[in-house]
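A structural walkthrough
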Amino acid sequence: MQRRKFLEVTSLSTAGIATSTMIACQDPKSGSEVAVQKEINPIVIATWDVPNATSKAWSVLQNGGNSLDAVEQGVMIEEADVNNQSVGKGGRPDRDGQVSCDACIMDKAGNCGSVVYLQNVVHAISVARKVMEDTPHVMLAGNGAELFAYEKGFPKEDLLIDKSKKEWEAWLETKEYKPVINIENHDTIGMLAIDKNGDLSGACTTSGMAYKLKGRVGDSPIIGAGLFVDNEIGGATATGVGEEVVKTVGSFLIVELMRQGMSPQQACEEGVRRIVAKNPELDFQVGFIAINKQGLTGGYCIQPGFTYRVYSPEGHINHPSGSHIS
Ligand code: ASP
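Residues numbered from 1 in each chain as written. Predicted model: local features only at pLDDT ≥ 70, side-chain atom pairs only at ≥ 80, totals over all residues. Heavy atoms only, no water.

Digging into the pairing of strand E4 (residues 43-47)
Of all five residues that make up E4, five are buried, and the element is covered over most of its length. Going residue by residue along E4, you find Ile43, Ile45 and Thr47 tucked away on one face and Val44 and Ala46 tucked away on the opposite face as well. Pairing geometry for E4 and strand E8 (residues 189-194), over four bridges, is antiparallel. The residue bridging Val44 from the neighbouring strand is Ala193, located in E8. (Buried < 20%, exposed > 50% of the residue type's maximum accessible area, 1.4 Å probe, protein only. Helix = DSSP H or I, 4+ residues; strand = E, 2+ residues; numbered from the N terminus. Pairing = 2+ DSSP bridges.)

Here you go:
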């Protein structure tokens, strides 16, 4: 394919959920560009094994909802789930015992909203969406983000649950700050979806690395690092040690690699390779997932153990990601 410009058409399939789209392809005989009709099925992909979140997003899409609502409502499930100790309520605190959350969201038009160091609000992703939709800004931080959330009607809530508090108190005994690969520390929920119109959106939400320095912000709320969506090409999102993802602007890189012709899988592998090349000691985890406009997906990480969930007409599957280290 020479060019990935997509002309939307409105023909719905009999299932009422797939859409056909005209894509520009190169005719192998003449070499000229021809328009080919391709059916686009809605699809959801998320970092880690979060079946409740992907089910929620899928049900939004099945009911004809758009991809922005799907990703927001999908990740909200994890933000509200106290058993997930890496996002929203129940998230692990910083080294001073305070929970702070980061999130960002991006729509089909390239609009985006983000909150960093947001405290006392469960649904950071929805605050990020309000930043995107109700302000001329992209990012709000700290106390400003929190006050904005209350202005918008979000309730104030203590995010620190007993279990996370006890674990933090145990950690205080050694105060050893060392990211643990795949266990406990990483679990950012990044989600990408394509709706029946073939439009892409993405969301990314986290309470960040456990026991981080107060004020530390990772990749997850940084557009281009933790998340990037280009409705002409595809989207990507990240989990793992945010500092390494920021340094390579990982999600943007992956989308750009897809623009240059790589598949989502190849692009995720190259995104990981760029990080690996700069780090002789690979004692941390980074994982990427990606989707292209045609609904192909991919995922890749540094250390074994990362998985991603895909919900599509083909099923609801937890994929083990390939990894640089086997
Ligand atoms: N990416 C997140 C951060 O650096 C952490 C994670 O995925 O667990 O804040």
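Observations regarding helix H8 (residues 264-278)
At 3.6 residues per turn, the α-helix brings residues three or four places apart onto the same side. With 15 residues, H8 should cover 21 Å at 1.5 Å per step; its first-to-last C-alpha distance of 22 Å lies within 8% of that length. Those residues of H8 not exposed but buried are Pro264, Ala267, Cys268, Glu270, Gly271, Val272, Ile275 and Val276. (Expected span 1.5 Å × (residues − 1).)

Some words on the confidence of the model for the protein chain
Residues with a pLDDT of 70 or more make up 87% of the protein chain, whose mean pLDDT is 90. Taken as a whole, residues 1-16 scores under 50 in pLDDT and shows 43 contacts with residues more than four places along the chain or in a different chain. (pLDDT = per-residue confidence, 0-100. Contact = heavy atoms within 4.5 Å.)

A word on the sheet that holds strand E9 (residues 200-206)
Taken in spatial order, the eight strands of this open sheet run E7-E6-E5-E9-E8-E4-E14-E15, and their pairing is mixed. The two strands at the open ends of the sheet, each matched to only one other strand, are strand E7 (139-141) and strand E15 (315-320). Recorded for the sheet is a direction-independent mean angle of 10° between the axes of neighbouring strands. The strands touched by helix H1 (residues 51-62) are E4, E8, strand E14 (307-312) and E15; relative to E4, the strand with the most contacts, the crossing angle is about 155°. Against the sheet, helix H2 (residues 67-80) contacts strand E5 (101-106), E8 and E9, and its axis sits at roughly 155° relative to E8. (Axes fitted to C-alpha atoms, helices over the stretch in contact; angles between N-to-C directions.)

Some details on the sheet that holds strand E10 (residues 227-230)
With mixed pairing, the five strands of this open sheet are ordered in space as E10-E11-E12-E13-E16. The open sheet is flanked by E10 and strand E16 (322-323), the only strands paired with a single partner. As defined by bridge partners, strand E11 (residues 234-240) adjoins strand E12 (residues 286-292) across seven bridges and the pair is classed as antiparallel. From the neighbouring strand, Gly235 faces E12, where its bridge partner is Ile291.

With respect to the packing of helix H3 (residues 124-134) against helix H4 (residues 142-151)
As a packed pair, H3 and H4 sit with axes 10 Å apart at the nearest point and diverge in direction by 85°. With respect to each other, H3 and H4 are oriented roughly perpendicular. Contact residues: Val127, Lys130 and Val131 in H3; Ala145, Phe148 and Ala149 in H4. Residue composition of the contact of H3 with H4, by class: five nonpolar, no polar and one charged. (Parallel < 35°, antiparallel > 145°, perpendicular 65-115°, else oblique. Nonpolar A, V, L, I, M, F, W, Y, C, P; charged D, E, K, R; others polar.)

Focus on the packing of aromatic side chains
Counted by the stated rule, this structure contains five aromatic pairs. On the numbers, 5.0 Å between centres and 75° between planes, the contact of Trp48 with Phe306 is edge-to-face. With a gap of 258 residues between them, Trp48 in the loop between E4 and H1 and Phe306 in the loop between strand E13 (297-301) and E14 connect regions that are remote in the sequence. Of the residues examined, Phe306 reaches a relative accessible area of 1% and is grouped as buried. Considering the side-chain rings of Phe306 and Tyr308, the 6.5 Å spacing of their centres and the 40° angle between planes classify their relative orientation as tilted. Given the relative accessible area of 6%, Tyr308 is considered buried. Taken together, Trp48, Phe306 and Tyr308 form an aromatic cluster joined through their ring pairs. (Phe/Tyr/Trp six-rings, centres within 6.5 Å; stacked < 30°, edge-to-face > 60°.)

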